[in-house]
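What follows is the residue order along each chain.
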Amino acid sequence: MKDLTASSIDRQNILNNTIVLEYLQTNLDVKGMFYKEQYLFTRQQVEEYFEIDKRTTDRYLTQYEEELRQNGYINLKGSSLKDFKTRFKDVLKIDSKTSQLSLFNFRSFLNLGMLLTESEKASRLRSKILDIVIDTLNQKLGGSTKFINQREEDFLAATIQEPLYHKEFTRALNLYLEMGNYKYAYYKDAIYKAIFKEDANEYKSILQLEEKENERNTMYAEVLRLIASFEIGIADAMRDKSIQLNRKLTPEELDVLIGDFTKQRLWIPLLEDVRTKMASRDYGLRNTIHLNLESYINAMSSHDYEKFLGQKSKSLIERVLESPELLDVFKRLKDR
């Protein structure tokens, strides 16, 4: 069970998960004031709900102000405060001369509940939130996150294109590298290590894949595209080097070529992006940590949660069945 009080990434992953937030807002027994398309709560209301005193609230607001403000904690002033006081004059228990009013929206209310260690109600709320996160995944995915990568629209196009580029790479290995058949697995791993610092077996072990399962069926579209870019780029570089030398390359020469290729500055933003997406999504969606990419783990965005769990997300078979012309392609992908 994750400790939400200790991890800002775990907290933010929940607060960015719009599916979980909608469920919580519907089912939590907490009353707020609906203002400008969101529910708002005064400090006093929040303190009464969590059964904490003003000093406790002050301490958390000081220590976690940036995080709470990022998630919707605000201070109303001026005309906005005047309008708010007019609308909710029968609810608010504040002095009419108050020049500013601190308010929590629903996200920042939950945020504070994830932080509070002094409140038993906050502790129960955290347990409920974590249960709902698990239930949401189970309802959406039937309990397995193995192929959650396939639920975004871009995966279908990426997985159809990827074998074409991979074939170019294996053809180049055959034509331009002096090495036995082991070269195909060895240099597939070399590309994996260059991109996300794991070979195929390490990746499969981390995601608990069966030996016969194709690891690329579990990779995100961005990862597949970068692998394809590396494969066709290295294939072209092998061809050019082989023509220059007028012979096939040795494994040592190809190792140097791949090292030089990877160090090109044009790859830096793409590598950083793919490593961050793989590390962050697998942590947020699969509860899995790639140890070699641990420093790349960030909170997932609301946009990412919508892509993989929202209304537009669908399983690969659902997308293919919606487009009958792709059914033959899908069958070939399953059999390859």
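Note that the structure is predicted; figures quoted are calculated from it, not measured.

Colleague: What should I look at first to understand the overall build of the protein chain in this one?
Modeller: Scanning the protein chain for helices and strands turns up 17 helices and four strands. In terms of overall size, the protein chain is more extended than a compact globule, its C-alpha atoms giving a radius of gyration of 26 Å where 336 residues would be expected to give roughly 20 Å. With the C-alpha coordinates aligned to their principal axes, the bounding extent of the protein chain is approximately 85 × 40 × 35 Å. Taking the contacts inside the protein chain whose residues are at least 6 apart along the sequence as the reference set, 68% of them involve residues at least 24 apart. Accessible area for the protein chain stands at about 18,100 Å²; split by element, carbon and sulfur atoms hold 48% of it.

Colleague: Could you clarify how one ought to interpret the pairing of strand β4 (residues 100–105) in this entry?
Modeller: Regular strands have side chains that alternate between both faces of the sheet. Of all six residues in β4, five are buried; the element is thus mostly enclosed. Here three bridges tie strand β2 (residues 38–42) to β4, and the two strands are oriented antiparallel to one another. By the bridge assignment for β4, Phe-41 is matched with Phe-104. Across four bridges, the pairing between strand β3 (residues 74–77) and β4 is antiparallel. Opposite Asn-75, over in β4, you have Ser-102 as the bridge partner.

Colleague: Explain the sheet that holds β4 to me, please; I cannot follow it from the model alone.
Modeller: The pairing of strands in a sheet comes from backbone hydrogen bonds and takes either a parallel or an antiparallel form. Spatially, four strands are ordered β1-β2-β4-β3 in an open sheet, and the strand pairing comes out antiparallel. Each edge of the open sheet is held by one strand with a lone partner, namely β1 (33–35) and β3. Between one strand axis and the next, the sheet turns through 50° on average, direction left out of account.

Colleague: Would you mind going over the packing of helix α1 (residues 8–15) against helix α7 (residues 106–115) with me for this structure?
Modeller: Packed helices, taken two at a time, are described by the angle their axes make and the gap between the axes. In contact at an axis separation of 10 Å, α1 and α7 are set at 150° when each is read in the N-to-C sense. Taken as axis vectors, α1 and α7 run roughly antiparallel relative to one another. Once α1 is placed against α7, the crossing between them reads as right-handed. The residues of α7 that touch α1, namely those facing Arg-11, Gln-12, Ile-14 and Leu-15, are Arg-107, Leu-110, Asn-111, Met-114 and Leu-115. A class-by-class count of the residues in the contact of α1 with α7 yields five nonpolar, two polar and two charged.

Colleague: What is the right way to read the nonpolar core from this model?
Modeller: Here is a general trend for soluble globular proteins: nonpolar side chains tend to be buried in one another's company. Core analysis: the biggest nonpolar cluster contains 53 residues, and Ile-195, Phe-196, Phe-230, Ile-234 and Leu-254 have the highest contact counts within it. For this core, the elements supplying multiple residues, two or more each, are α8 (120–141), α9 (153–176), α10 (183–196), α11 (200–207), α12 (221–245), α13 (251–262), α14 (268–286) and α15 (302–309). Looking at which element gives the most residues to this core, the answer is α12, with nine residues. Contact partners of Leu-254, with chain neighbours within four places excluded, come to Leu-173, Leu-177, Tyr-187, Ile-234, Met-238 and Leu-249.

Colleague: I'm lost on the side chain of His-290 in this one. Help?
Modeller: Locating His-290 in the fold gives a position in the loop between α14 and α15. Judged by its relative accessible area of 1%, His-290 is buried. Reaching out from His-290, the side chain makes a polar contact with the side chain of Glu-198 at a distance of 2.7 Å. Other than its neighbours up to four places away in sequence, His-290 contacts Glu-198, Tyr-203, Ile-206, Leu-207, Met-278 and Asp-282.

Colleague: Honestly, the pattern of salt bridges in this entry has me stumped. Any pointers?
Modeller: Close approach of charged atoms allows side chains with opposite charge to pair. Scanning all chains against the criterion turns up 26 salt bridges. A salt bridge links Glu-152 to Lys-307; its shortest N-O distance comes to 3.3 Å. Of the two residues, Glu-152 is situated in the loop between α8 and α9 and Lys-307 in helix α15; the sequence distance between them amounts to 155 residues. Assessed through its relative accessible area of 2%, Glu-152 is described here as buried. Shared partners join several salt bridges into a network, and the residues in it are Glu-152, Glu-222, Arg-281, Asp-304 and Lys-307.

Colleague: Just checking my understanding: could you explain the layout of surface pockets for this structure?
Modeller: To find the voids left in a structure, one rolls a probe of water-molecule size over its atoms. By volume, the second largest pocket amounts to about 440 Å³. Every residue lining the second largest pocket is counted, 21 residues in all, and those nearest its centre are Lys-2, Val-133, Ile-134, Leu-137 and Asn-287. Contributions of two or more residues to the lining of the second largest pocket are made by α1, α8, α14 and α15. Ranked by residue count, the leading element in the lining of the second largest pocket is α8, at five residues. For the lining of the second largest pocket, the class distribution of residues is 11 nonpolar, seven polar and three charged.

Calculation notes
- Residues numbered from 1 in each chain as written.
- Predicted model: local features only at pLDDT ≥ 70, side-chain atom pairs only at ≥ 80, totals over all residues.
- Heavy atoms only, no water.
- Helix = DSSP H or I, 4+ residues; strand = E, 2+ residues; numbered from the N terminus.
- Rg over C-alpha atoms; globule rule 2.2 N^0.38 Å.
- Contact = heavy atoms within 4.5 Å.
- Areas by Shrake-Rupley, 256 points an atom, 1.4 Å probe, with all protein chains shown as cover.
- Buried < 20%, exposed > 50% of the residue type's maximum accessible area, 1.4 Å probe, protein only.
- Pairing = 2+ DSSP bridges.
- Axes fitted to C-alpha atoms, helices over the stretch in contact; angles between N-to-C directions.
- Parallel < 35°, antiparallel > 145°, perpendicular 65-115°, else oblique.
- Left-handed = near helix turned anticlockwise from the far one by under 90°.
- Nonpolar A, V, L, I, M, F, W, Y, C, P; charged D, E, K, R; others polar.
- Core = buried A, V, L, I, M, F, W, Y, C linked by side-chain atoms within 4.5 Å.
- Polar contact = N/O pair within 3.5 Å; in protein donor to acceptor, adjacent residues only side chain to side chain.
- Salt bridge = Lys/Arg side-chain N within 4 Å of Asp/Glu carboxyl O.
- 1 Å grid on protein atoms, 1.4 Å probe; cavity = no way out; pocket = protein on both sides within 12 Å on 5 of 7 lines; lining within 4 Å.
- Points joined across faces, edges and corners; volume = space filled by probe spheres on them.

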